[in-house]
Amino acid sequence: MKPFRQFRQSRQFCQVRLARPARLARPGRAPRAAVAGVLGGALAALALAAAPMPANADRPADAERSTYTNYVTRGYSIDFPDPAVMRGKDGQWYAYATGGPYDETGQTGSSYKIATSPDLVHWRKVGDVFPEGRRPTWATATTGFWAPDIRYLNGKYLLYFTVPDTTTSTQGFDPAIGVATAPTPAGPWTPSDQPLIPARPVGGGYDTVIDPAMFTDSTGTHYLYYGGFGTGIWVVQLSADGRRAVSEPVHVAASRYEGPNVLERDGWYYLFGSSANCCAGPTTGYSVFAGRSRSPLGPFVDRLGKPLLASRAGGTPVIAPNGNKWIGTGHHSAALDVSGQTYMAYHAIDRNDPWLDVSPGFTMRPMNLDRMDWIDGWPIVRAGLGASQEPQPAPVVLGEVDDRFEDPAATGSAFTVPDGAMNVAGPDQASDSGRFARLSGTTTALTRRSISRADVRVEADLRVPGDGADGPDSSVGVVARAAPDGSGVRAVLDAGARQVRIEARLGGQVQRASVSLPPGFDTSAWHVLALEVRGTTATADLTDARLGDPWATVRLTLPPGLDRPGRAGLVSEGSGKGSGKGSGESTGEGTGEGTGEADNFAANQLYTPVTRAVPTPKPGPVDPAYSDEFDGALGDGWTWVRPDPKAQVSDGALRWPTQTGDLVGDGTPGLLLRTMPDGDYTVQTKLNIDLGEDVERNFQQGGLIVYAGDDEFLRLDVVAVGPTRIVEFGKETVFQGRRSWGGGLIGAPADTTWLRLVHTRDPRTGEHRYRAASSTDGSHWTWGLTWTLPADASPRVGLVSQASTPATTQKYGPATSVFDYFRVSRP
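Calculation rules
Residues numbered from 1 in each chain as written. Predicted model: local features only at pLDDT ≥ 70, side-chain atom pairs only at ≥ 80, totals over all residues. Heavy atoms only, no water. Helix = DSSP H or I, 4+ residues; strand = E, 2+ residues; numbered from the N terminus. Buried < 20%, exposed > 50% of the residue type's maximum accessible area, 1.4 Å probe, protein only. Contact = heavy atoms within 4.5 Å. Areas by Shrake-Rupley, 256 points an atom, 1.4 Å probe, with all protein chains shown as cover. Disulfide = S-S within 2.5 Å. Salt bridge = Lys/Arg side-chain N within 4 Å of Asp/Glu carboxyl O. 1 Å grid on protein atoms, 1.4 Å probe; cavity = no way out; pocket = protein on both sides within 12 Å on 5 of 7 lines; lining within 4 Å. Points joined across faces, edges and corners; volume = space filled by probe spheres on them. Nonpolar A, V, L, I, M, F, W, Y, C, P; charged D, E, K, R; others polar. Core = buried A, V, L, I, M, F, W, Y, C linked by side-chain atoms within 4.5 Å. Pairing = 2+ DSSP bridges. Axes fitted to C-alpha atoms, helices over the stretch in contact; angles between N-to-C directions. Phe/Tyr/Trp six-rings, centres within 6.5 Å; stacked < 30°, edge-to-face > 60°. Lys NZ or Arg CZ within 6 Å of the ring centre and 35° of its normal. pLDDT = per-residue confidence, 0-100.

Asks: Got a minute to help me understand the overall build of the chain in this structure?
Replies: The number of helices and strands found in the chain is 2 helices and 54 strands. Going through the 827 residues of the chain one by one, you find that 65% of them count as buried. Contacts in the chain between residues at least 24 apart in sequence constitute 66% of all its contacts with a sequence separation of at least 6. Carbon and sulfur atoms provide 49% of the accessible area of the chain, an area that totals close to 27,200 Å².

Quick look at the structure:
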């Protein structure tokens, strides 16, 4: 069996060895042998950052929304794998990626890239994370760096990074995870002098200690998730500063997963993981799945209740190849725009142009960006449509009123200050914030214009200097739906009481809801307070950097009468002293003691959530001319490619012991096939295969096959891979003279698994499209990726039972695939 278990595709990839069979392992993401001198070390010098965002943008609500087209790193870098994205306190977006080339010639590149953007869709070079002279001392001289994770914790930037080749050994793959700090997102980055998570010996090699992802929960506890296709995903608790592990690792996902990311939403913790081979060129089936738990430590289960840690590991699909040009859609990070909409930044591969021009086999993975919806409590990209190829509405990065407080005159034109004083101060010498707003004493500053809709999101970076030294009532916050009579909704960071509070003010009455800040939260450091008001519900989130890991969340049901548009703004309360004009208007430089400070203010219409997923295919009536119930004997219409006499019909089923031959590569096992009808159709079978659980029975499998030739086929089957059991949908093809195989995963298998393939034709190209699904009860289906075959192919569809290794057959004997039926339905 040769699906996505191989680490080596060509001499450019680092050679990786695991103690376990590495079917789920990927080729090295940062080749050790240089491609035209690209990947040996830090090659790019620090470049100028993107032009700063305007100090103030006050735009009409009906302003035309711009569009973008994937991939978003076009013009900057053809390769930007494993992207981690965050907005800095300077108002710019920053992205970090595994090292690689900038263009298809491979002449220039970086060992670890930083890019910047004003809008998430136009990116430009910043430079290297680790230029020469700043590399980790425990990294080998020739290694690249993988899978970064960017965080901002209580005023400090942290970058968690993977070193695939360390000085721990000389074997070439002994990965470990470190952490680096910097005063700004652009650097300079100072790496830890030793690994945060050291290399972990397993058997005769090392485990996949890769792909870090940090997360902070509402108790103030910091966690680091990491891992890959060796033993799966693990989590450790971190110290208060995020730089040390202070607990033993906890296992949270099986070895089918890597590239973790965790988000909290509505009291659930969502663990995302990528699965399948990341880098198989035109047959890369990499996809993202999710499970959720009420605890950051799990157990995580999918929407069907299947654990992510089980041998038959579950996972709810979030994004998978959908039949357009984008395949290998995975290893992501998530970001919020100022409307509150979640976007997924992920890498993908153009299946028509997957490789470097100078090095076929080096898979290029630029960065894509797409909307991520939350439907029925689960994340899914574009309601199930997956990666976009056509122009899409761009993220909203400027609010209807948007102020970075770099220009006092612009601030004065955007805000009116009926009470107290608000001044533009700075620049901030302690951070990259630049200039900011200082609110003195008890101040209310409101936008001069109302936000166009009642459903609104208002956010700002906020802090209280001195960690509440102004007194117990020192607070700063944001306002929504404000009216001239003083009514409205506000979310407040109260440094003295150490809480986040929502207040609804109407007719002299005030309703409140609050939640305490956890230990370790520094109110004197910049944090993002976001107030979302939808209908009669107000929600406030307090985060470090809008990355889905709130320190605190509080909700309040609003009284009747507040469900209407109004102005947005900033508020403070306390005893601070400041200089103002006395008229309440915004002024220039502030002096004296300020109660609260704000930056990066944005007020905008709240996004409209997508609440229904794209409908999944429904099979039509069964066509008996193309089907077989296996009643008594093999029915008419079947043909063999290399007959296997051990396949026999008995007791109402086709029983077929697994062969040792594997069709992938040079294998020549037997195939049982049928000619399919013209047009659209669905193929389904009910399969029982005795693979057991938790033991290694590599790589016994049985299922469906779509066959256009020994080097042009698709295969959907239940497979044993090390200790795990998966439903895999794989493809083999010949592209530019090279044979390529790769697979993607569907749902968890069971003792009995239903498999389904839906065939359609691309109306533009005529290509055959096959979308796969699996079920463990025949009623609830998990829908996965789509593979294509050429328009001029005449595929037959049938059954396979194969790929048991000689060692597995000798130890366990062949597994027996029992097919209850083979049914073809048509619309």
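Here the narrative resumes.
Asks: What's the story with the state of the cysteines in this structure? I'm lost.
Replies: Linking two cysteines covalently via their sulfur atoms produces the bond known as a disulfide. Summed over the entire model, instances satisfying the criterion amount to 1 disulfide. With a sulfur-sulfur separation of 2.2 Å, Cys278 is cross-linked through a disulfide to Cys279. Taking the torsion about the S-S bond as the criterion, the Cys278 to Cys279 disulfide, at about -80°, is left-handed. Summarising the burial analysis for this pair, Cys278 and Cys279 share the class buried.

Asks: Explanation requested: the pattern of salt bridges in the structure shown.
Replies: Side chains carrying opposite charge are able to pair once their charged atoms draw close together. All told, the structure shown has 37 salt bridges when counted by the stated rule. Residue Asp149 is joined to Arg151 by a salt bridge in which the shortest nitrogen-to-oxygen separation is 3.0 Å. Each member of the pair Asp149 and Arg151 is classed as buried. Salt-bridge contacts for Glu503 lead to Arg501; the nearest nitrogen and oxygen are separated by 2.7 Å. Arg501 matches Glu503 in its accessibility class, with the two residues each being buried. Members of the salt-bridge network, linked through shared partners, are Arg490, Asp494, Arg501, Glu503, Arg505, Arg512 and Glu573.

Asks: Looking at this model, I keep getting lost on the layout of surface pockets. Mind explaining?
Replies: In this approach the atoms are scanned with a rolling probe the size of a water molecule, which exposes any empty space left behind. There is about 960 Å³ of room inside the second largest pocket. Around the second largest pocket, the lining comprises 44 residues; the ones closest to its centre are Arg265, Asp266, Glu532, Asp541 and Arg555. If you list the elements that add at least two residues to the lining of the second largest pocket, you get strand S13 (213-216), strand S17 (258-265), strand S18 (268-275), strand S21 (326-336), strand S25 (367-375), strand S36 (527-534), strand S37 (537-543) and strand S38 (552-557). Of the residues belonging to the lining of the second largest pocket, the class tally is 21 nonpolar, 12 polar and 11 charged.

Asks: Sorry, what's going on with the nonpolar core here?
Replies: Where a protein is soluble and globular, its nonpolar side chains tend to be buried together. Formed by 59 residues in total, the largest nonpolar core has its most connected members in Leu224, Met422, Leu570 and Phe601. With 4 residues, strand S31 (residues 456-463) is the single largest residue contributor to this core. Residue contacts for Leu224: discarding those within four places in its chain leaves Tyr160, Ile177, Leu196, Ile197, Pro212, Ala213, Met214, Trp234, Val235, Val236 and Leu238. In this structure, Ile327, Ile349, Leu716 and Phe819 belong to the second largest nonpolar core, which totals 38 residues.

Asks: Just to check I follow, could you spell out the sheet that holds strand S7 (residues 146-153) for this structure?
Replies: Strands in a sheet are paired, the pairing made by backbone hydrogen bonds, and the direction either parallel or antiparallel. Here we have 4 strands laid out as an open sheet, ordered S7-S8-S9-S10, and antiparallel in their pairing. Of all strands in the sheet, those bounded by a partner on one side alone are S7 and strand S10 (190-191). The pairing of strand S8 (residues 156-163) with strand S9 (residues 176-182) spans 7 bridges and is classified as antiparallel. Bridged to Thr162 within S9 is Ile177.

Asks: Help me out: how do you make sense of the sheet that holds S17 in this one?
Replies: Strand order across the open sheet formed by 4 strands is S17-S18-S19-S20, with antiparallel pairing between neighbours. Every other strand in the sheet has two partners, leaving S17 and strand S20 (316-319) as the edge strands with one partner each. The sheet shows a mean angle of 30° between the axes of neighbouring strands, direction not considered. Note that strand S19 (residues 287-293) and S20 share 3 bridges and pair antiparallel. What sits directly across from Phe289, in S20, is Pro317.

Asks: Please clarify how the packing of aromatic side chains should be interpreted in this entry.
Replies: Considering all chains together, one arrives at 24 aromatic pairs under this definition. Here Phe130 and Phe161 contribute two aromatic rings whose centre-to-centre distance is 4.9 Å and whose plane-to-plane angle is 75°, an arrangement assigned as edge-to-face. One end of the pair, Phe130, is in the loop between strand S6 (124-128) and S7; the other, Phe161, is in strand S8, with 31 residues separating them in the sequence. Take Phe161: its relative accessible area is 0%, and that puts it in the buried class. Taking the centre distance of 4.9 Å and the plane angle of 70° together, the rings of Tyr270 and Trp374 count as edge-to-face. Taken together, the positions of Tyr270 in strand S18 and Trp374 in strand S25 put the pair 104 residues apart, joining distant regions of the chain. Grouping residues by exposure puts Tyr270 and Trp374 together as buried. A connected cluster of aromatic rings, assembled from ring pairs, spans Tyr112, Phe130, Trp138, Phe145 and Phe161. Here the basic side chain of Arg674 rests over the ring of Trp638, its NZ or CZ set 4.8 Å away from the ring centre. Across the ring face of Trp781, the terminal group of Arg756 is positioned such that the distance to the ring centre comes to 3.8 Å.

Asks: Please clarify how the pairing of strand S5 (residues 109-117) should be interpreted in this entry.
Replies: Residues in a regular strand point their side chains to alternate faces of the sheet. Along S5, 9 of the 9 residues are buried, which leaves the element largely enclosed by surrounding structure. Sheet topology note: the strand S4 (residues 93-101)/S5 ladder contains 8 bridges and is antiparallel. Looking across to S5, one finds that Pro101 is bridged to Gly109. The sheet contact formed by S5 and S6 spans 4 bridges and is antiparallel. The residue of S6 that forms the bridge with Lys113 is Asp128.

Asks: Mind showing me how you'd approach the pairing of strand S24 (residues 359-363) here?
Replies: In terms of residue burial, S24 counts as a mostly covered element, since 4 of its 5 residues are buried. Direction of pairing for strand S23 (residues 355-356) relative to S24: antiparallel, over a ladder of 2 bridges. Residue pairing across strands places Trp355 opposite Thr363, the latter belonging to S24. In this structure, the hairpin formed by S23 and S24 is closed by a connection of 2 residues.

Asks: I keep staring at the confidence of the model for the chain and nothing clicks. Help me out?
Replies: Close inspection of predicted coordinates is inappropriate for parts of the model with low pLDDT. Averaged over all residues, the pLDDT of the chain equals 90, while 89% of them reach at least 70. Taken together, the stretch residues 1-63 has pLDDT below 50 and engages in 238 contacts with residues farther than four places along the chain or on a different chain. Note on residues 468-472: pLDDT under 50 across the span, and 12 contacts to partners over four residues away in sequence or across chains.

Asks: Looking at this model, I keep getting lost on the side chain of Thr329. Mind explaining?
Replies: Relative to the helices and strands, Thr329 resides in strand S21. Leave out the neighbours within four places in its chain, and Thr329 touches Tyr286, Ser287, Val288, Ile319, Ala320, Pro321, Tyr346, His347, Ala348 and Ala387.

Asks: What should I look at first to understand unusual backbone geometry in this one?
Replies: Trans peptide bonds make up the majority, and among non-glycine residues the majority have a negative phi. Here the residue pair Asn70 and Tyr71 is connected by a cis peptide bond, since its omega of 10° sits within 30 degrees of zero. Position of Tyr71 among the secondary structure elements: in the loop between strand S2 (67-68) and strand S3 (84-87). Cis peptide bonds are those with omega within 30 degrees of zero, and the linkage from Gly298 to Pro299 qualifies with 5°. With a phi close to 90°, Ala276 is a non-glycine residue in the positive phi region. Relative to the helices and strands, Ala276 resides in the loop between S18 and S19. The phi angle at Asp376 is positive, at roughly 55°, despite the residue not being glycine. Look at Asp376 and you get exposed, because its relative accessible area is 63%.

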